[in-house]
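# Structure assessment
The residues making up each chain are set out below.
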Amino acid sequence: MHPAPSVIVFTTLSGLGFGLLFWLGFGLPDVSGWVAFVFFAIAFGLAVGGLLASTFHLGHPERAIKAFSQWRSSWLSREGVAAVGALVTMGIYAAALIFLDVKLAPLGWIGALLSLATVYATSMIYAQLKTVPRWKTSLTPALLVSISLAGGALLAGQVTFAMILLPIAAVIQVIWWVRGDGALSESGTDMASATGLGNIGQVRAFEPPHTGTNYLLREFAFQVGRKHSMKLRAIALGLGFILPLLLLFVPFGHVLAFLAILLHLIGIAASRWLFFAEAEHVVGLYYGKR
Amino acid sequence: MTTLPETTNRKLGLVIDLDTCVGCHACVISCKGWNTENYGAPLSDQNAYDGAASGTFLNRVHSYEVQPLATSEMPHPAAQLIHFPKSCLHCEDAPCVTVCPTGASYKRVEDGIVLVNETDCIGCGLCAWACPYGARELDAAEGVMKKCTLCVDRIYNENLPEVDRVPACVRTCPAGARHFGDFADPESNVSKLSAERGGMSLMPEQETKPVNRYLPPRPKDQMDQPEQIDILAPFLEPIVEEPKGFLGWLDKALEKI
Ligand code: SF4
Ligand code: SF4
Ligand code: SF4
């Protein structure tokens, strides 16, 4: 799949933002007044910034409001509904906390769960697609949700939770990669089933249907070199999980905390780039591209 | 609403005959021609006159080379070249419809045609991600999703002569490789054709239940069989050695003169 920058920025930032909102909703850390303002500003900045970035790849962003209508069937629609629900709930909770110094705890819990639901819905947009065998697994929501919670804990200064969640997310990440590498061949979809010609013999793409490129090739036929991908996986694992974890063991200060979060963000962006770039869409088979 | 209908009254679709398709791309051109000036936004081209031409098409023809496995009777089997037209298969369990967040994509209850309501489409592209067959293309100029409409604006169009009330690709194909009809009716031309020739679904494991069927190519020449020198020989032998019946009588009568 084409690793579109807007989608990578969106899933990385909003995942972190909603992760932070999750912890803030449960009063971790228990902040109020100006400190609360800063925390919520960061969380909303990330979550909303990510959502806005995601509208850049739409052909008609001005009609985005229509995307809230099909929550009965569409995970993309559910994501939108959950995101707005989470932002509004947490917005009211935050305003009460910051300006009135009132803690509406149940509202915070609801907002936290809605934030989690948003990340889950995002992950299901990918995990539902049979056409991308690497994504079609319950490990995909596990991965995106654990990264969001771990990153959120890191950002919320929840050292203990971060120390537990970072290794969990890292393990899921590695399992996800290993499973993903065999997913396409496991799926049973190949050139033989794509063309129905497999019972005659070995199928080879002889002539493409068009001399130039097209939407399908631009969007779906992206391929990453094996060496390249190994390097990026090492970067994602090292910066996203291992280094931030090690930094947590050093006596924690603001500078180190900032460093840990920055490294984490870069690592997760690398992981997210791979998430798209390595994902094989079965339509590539029609072009003999897999 | 992007939930799928339980059933549709009719199941309109195409039979594509891989045996007779000659790979001329006439259906590609007639499809683009009809659909760029009728239903919905035109099918745009980008850089049409320089080296990097690209454009939106609803129907494309791939070509595959299939190499049969060698056996002891057939040590060097000849490869077959198969042309492979591909457009939307109007799946019964269309994943492109259920993923759509806006309700722009839908499957019609009356005839099963899968369509995009372009005024609702936000151009998110998710439906194209969900389609295993590459049947949807986002138009680069209009920013909306384009796909085969089964020529919905021809098949019911009473302004056209009756002979033209079939999809443009079907009407155009010089080899008669594309057939249009109702798969819900077991007596229809497409149902019968598909039953006779073992019509197949593409990527059945994706569980999209395509309506369109592909007819597998018939076995091709056996030139590599050692004992057979002229492949036409069996067909050139006289079928009737001795005339029978009236002709036989005439033959004998004439013989006597
Ligand atoms: S072929 Fe693709 S676009 Fe057409 S109905 Fe099936 S999944 Fe949808
Ligand atoms: S591109 Fe249009 S039709 Fe396709 S899923 Fe998005 S809104 Fe629906
Ligand atoms: S039915 Fe119409 S829209 Fe579909 S491939 Fe044929 S010509 Fe194109």
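## Some points on the nonpolar core
One finds F40(A), W135(A), Y286(A) and W129(B) to be the most contacted residues of the largest nonpolar core, which totals 137 residues. Residues within four places of W129(B) in sequence aside, it is in contact with M1(A), Y126(A), L129(A), T131(A), W135(A), E219(A), F220(A), F276(A) and H281(A). Membership of the second largest hydrophobic core comes to five residues, among which are V15(B), F183(B), V211(B) and L215(B).

## A short note on the packing of aromatic side chains
Tallying each qualifying case throughout the model produces 21 aromatic pairs over all chains. Seen from their ring centres, Y126(A) and W129(B) are 6.3 Å apart, and the 35 degrees between their planes marks the pair as tilted. Within this pair, whereas Y126(A) is found in helix α4 (residues 105–127), its partner W129(B) is found in helix α3 (residues 126–130), the two belonging to separate chains. Of the two residues examined, Y126(A) and W129(B), each falls in the buried class. Measuring from centroid to centroid gives 5.8 Å for W135(A) and W129(B), while their planes differ by 45 degrees, and the two rings are tilted. Remark: W129(B) occurs in helix α3 and W135(A) occurs in the loop between α4 and α5 (139–155); the pair is interchain, linking two chains.

## So, the confidence of the model for chain B
Parts of the prediction with low pLDDT should not have their coordinates interpreted in detail. Per-residue confidence for chain B gives a mean pLDDT of 91; residues scoring 70 or more make up 93%. The complex model carries a pTM of 0.90, and its ipTM stands at 0.94.

## Quick look at the sheet that holds strand β11 (residues 213–215) of chain B
Through backbone hydrogen bonds, the strands of a sheet pair up, either in parallel or in antiparallel fashion. Residues and elements named next belong to chain B. Taken in spatial order, the three strands of this open sheet run β10-β1-β11, and their pairing is mixed. Of all strands in the sheet, those with a lone pairing partner are β10 (178–182) and β11, marking the two edges. Across the sheet, the axes of successive neighbouring strands diverge by a mean angle of 25 degrees, strand direction being ignored. Judged from the five bridges that link them, strand β1 (residues 12–17) and β10 form a sheet pairing that is antiparallel. Among the inter-strand pairings, V15 is bridged to a residue of β10, identified as H179. Lying on the sheet, helix α6 (residues 189–197) is in contact with β1, β10 and β11; it crosses β10 at an angle near 120 degrees.

## Some thoughts on the pattern of salt bridges
Applying the stated rule across the entire model yields 19 salt bridges over all chains. D181(A) is the partner of R134(A) in a salt bridge, and the nearest nitrogen-oxygen pair spans 3.1 Å. Of this pair, R134(A) sits in the loop between α4 and α5 while D181(A) sits in helix α6 (residues 159–187), and the two are 47 residues apart along the sequence. For D181(A), a relative accessible area of 35% translates into the label partly exposed. For E92(B), the salt bridge identified is with K11(B), shortest N-O distance 3.6 Å. Of this pair, E92(B) sits in the loop between β5 (80–87) and α2 (95–98) while K11(B) sits in the segment before β1, and the two are 81 residues apart along the sequence. Owing to a relative accessible area of 26%, E92(B) belongs among the partly exposed residues under this scheme.

## Digging into α6(B)
All names here are of chain B. When we look at burial in α6, the residues that qualify are V190, S191, S194 and R197. Take α6 and look down its axis: the buried residues cluster within an arc of 155 degrees, on one side only. Exposed residues on α6 whose side chains face more than 90 degrees from its buried face are A195 and E196. Lining the buried residues of α6 we find β1, β10 and β11. Directly after α6, the chain includes G198, whose backbone phi takes a positive value near 70 degrees.

## Brief notes about the sheet that holds β5(B)
Read across the open sheet, the three strands follow the order β1(A)-β4(B)-β5(B); overall the sheet is antiparallel. This sheet does not close on itself; its edge strands, each paired only once, are β1 (202–207) of chain A together with β5 of chain B. Pairwise comparison of adjacent strand axes, ignoring direction, gives a mean angle of 35 degrees for this sheet. Across eight bridges, the pairing between strand β4 (residues 59–67) of chain B and β5(B) is antiparallel. In the sheet register, H62(B) faces β5(B), and the bridge partner there is F84(B).

## Describing unusual backbone geometry
Along the chain, L28(A) connects to P29(A) via a cis peptide bond; the corresponding omega equals 0 degrees. Even without being glycine, E207(B) reaches a positive phi, approximately 55 degrees. Mapped onto the elements of the fold, E207(B) is located in the loop between α6 and β11.

## Observations concerning the packing of helix α1 (residues 5–25) of chain A against helix α2 (residues 33–55) of chain A
All names here are of chain A. At a closest axis distance of 7 Å, the pairing of α1 and α2 adopts a crossing angle of 150 degrees. Comparing the axis directions of α1 and α2 gives the class roughly antiparallel. For the element pair α1 and α2, the recorded crossing hand is left-handed. On α2, the residues touching S6, V9, F10, L13, S14, L16, G17, F18, L20, L21 and L24 of α1 are F39, F40, I42, A43, F44, L46, A47, G50, L51, A53 and S54. Among the residues making up the contact of α1 with α2, the classes are represented as 17 nonpolar, five polar and no charged.

## Brief notes about the site of ligand 3
Residues and elements named next belong to chain B. Around ligand 3, the structure places C31, N35, N59, S87, C148, T149, L150, C151, P167, A168, C169 and R178. Under a 2 Å grid-point criterion requiring more than half of the atoms, the pocket assigned to ligand 3 is the second largest cavity. Within the shell around ligand 3, the residues separate by chemical class into seven nonpolar, four polar and one charged.

## Things to note about the interface of chain B and chain A
Facing the 60 residues of chain B at the interface are 59 residues of chain A. Of the roughly 4,600 Å² buried where chain B meets chain A, counting both sides, 59% is carbon and sulfur surface. A per-residue breakdown of the area chain B buries against chain A is headed by Y64(B), I122(B) and W129(B), which together make up 17% of the total. At the junction of chain B with chain A, the criterion picks out three salt bridges.

Scoring rules and cut-offs
- Residues numbered from 1 in each chain as written.
- Chains lettered and ligands numbered in written order.
- Predicted model: local features only at pLDDT ≥ 70, side-chain atom pairs only at ≥ 80, totals over all residues.
- Heavy atoms only, no water.
- Core = buried A, V, L, I, M, F, W, Y, C linked by side-chain atoms within 4.5 Å.
- Buried < 20%, exposed > 50% of the residue type's maximum accessible area, 1.4 Å probe, protein only.
- Contact = heavy atoms within 4.5 Å.
- Phe/Tyr/Trp six-rings, centres within 6.5 Å; stacked < 30°, edge-to-face > 60°.
- Helix = DSSP H or I, 4+ residues; strand = E, 2+ residues; numbered from the N terminus.
- pLDDT = per-residue confidence, 0-100.
- Pairing = 2+ DSSP bridges.
- Axes fitted to C-alpha atoms, helices over the stretch in contact; angles between N-to-C directions.
- Salt bridge = Lys/Arg side-chain N within 4 Å of Asp/Glu carboxyl O.
- Arc of directions from axis to C-beta.
- Parallel < 35°, antiparallel > 145°, perpendicular 65-115°, else oblique.
- Left-handed = near helix turned anticlockwise from the far one by under 90°.
- Nonpolar A, V, L, I, M, F, W, Y, C, P; charged D, E, K, R; others polar.
- Near = heavy atom within 4 Å.
- 1 Å grid on protein atoms, 1.4 Å probe; cavity = no way out; pocket = protein on both sides within 12 Å on 5 of 7 lines; lining within 4 Å.
- Sits in = over half its atoms within 2 Å of the grid points.
- Buried area = accessible area lost by both parts, 1.4 Å probe.

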